[in-house]
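Examining the three-dimensional arrangement
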Amino acid sequence: MCSLCMPLPSALRSPAFLRNFIFGVEDSLVSTVGLLSGVAIAGVPGRTILLTGVVLIFVEAFSMGVGSFLSEQSSREFTQRAELPVRRARTSSIVMFVSYFVAGFIPLSPYVFFPTELAFPLSIAASLIALFLLGFVGARIFRMSAARHGLEMLILGGGAILIGVVVGLLVPAV
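What this report covers is the structure whose coordinates are included nearby. (Residues numbered from 1 in each chain as written. Predicted model: local features only at pLDDT ≥ 70, side-chain atom pairs only at ≥ 80, totals over all residues. Heavy atoms only, no water.)

1. Focus: the side chain of Ser123
Position of Ser123 among the secondary structure elements: in helix 4 (residues 116-141). At a separation of 2.6 Å, a polar atom in the side chain of Ser123 contacts the main-chain carbonyl oxygen of Pro107. Beyond its immediate stretch of four places on either side in the chain, Ser123 contacts Val33, Pro107, Pro110 and Tyr111. (Helix = DSSP H or I, 4+ residues; strand = E, 2+ residues; numbered from the N terminus. Polar contact = N/O pair within 3.5 Å; in protein donor to acceptor, adjacent residues only side chain to side chain. Contact = heavy atoms within 4.5 Å.)

Put into structure tokens, the structure is as follows:
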């Protein structure tokens, strides 16, 4: 049996896990590559691009984890109309933090190993491939149209990446 077809443990099939994982990975890829692309195309030094990426990944991973915790806990308490233990919200926030943090290094890593001129297209390509795979694999696991979900993630995420590039091109000209 293929690894993408095997049933997942129930904790990994929960809506909260899936929502936080996909949101964390997608947002990290798009935000990080969008910011790095905008900064790189503006012509800043490579060290500044690296620093910008690392700061973004750490701050945003924490911020997204906290946001996930607060929204999950608030939503559950509102639905139940009572204060609830924080265990589930804490788990969701950890999933969000880790998925954002790890995925952020996909668009950043080309800037570690290559000059900016080469890292720029490699970062975008790696992010687009990762976005497609996120949609594709997620759909395969849940027995949905893998190609459609992969392309959907690629196109929507790619649009956000394009915004970062365009802003990076336009702002220095202003």
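On we go from here.
2. Examining the pattern of salt bridges
Within this structure, the stated rule accounts for two salt bridges. One salt bridge in this structure joins Arg19 and Glu72, with 3.1 Å as the shortest N-O distance. Of the two residues, Arg19 is situated in helix 1 (residues 15-41) and Glu72 in helix 2 (residues 46-80); the sequence distance between them amounts to 53 residues. The shortest N-O distance in the salt bridge between Arg148 and Glu152 comes to 3.8 Å. With Arg148 and Glu152 both in helix 5 (residues 146-170) and four residues apart, the pair spans about one turn of that helix. (Salt bridge = Lys/Arg side-chain N within 4 Å of Asp/Glu carboxyl O.)

3. Overview of helix 1
Here helix 1 contains 27 residues, and its C-alpha end-to-end distance of 38 Å stays within 8% of the 39 Å for a straight helix at 1.5 Å per residue. Just downstream of helix 1, Gly43 is the residue with a positive phi angle, here 90°. (Expected span 1.5 Å × (residues − 1).)

4. Focus: a nonpolar patch on the surface
Together, Phe62, Val66, Leu70, Ile94, Phe97, Val98 and Val102 give the surface a local cluster of nonpolar side chains, amounting to about 620 Å² of exposed area. Listed by contribution, the elements that provide at least two residues to the nonpolar patch are helix 2 and helix 3 (87-113). In terms of residues, the nonpolar patch owes the most to one element, helix 3, which gives four residues. Secondary-structure assignment places Phe62 in helix 2. (Patch = residues over 30% accessible without salt bridge, like charges linked within 9 Å, V, L, I, M, F, W, Y side chains within 5 Å. Areas by Shrake-Rupley, 256 points an atom, 1.4 Å probe, with all protein chains shown as cover.)

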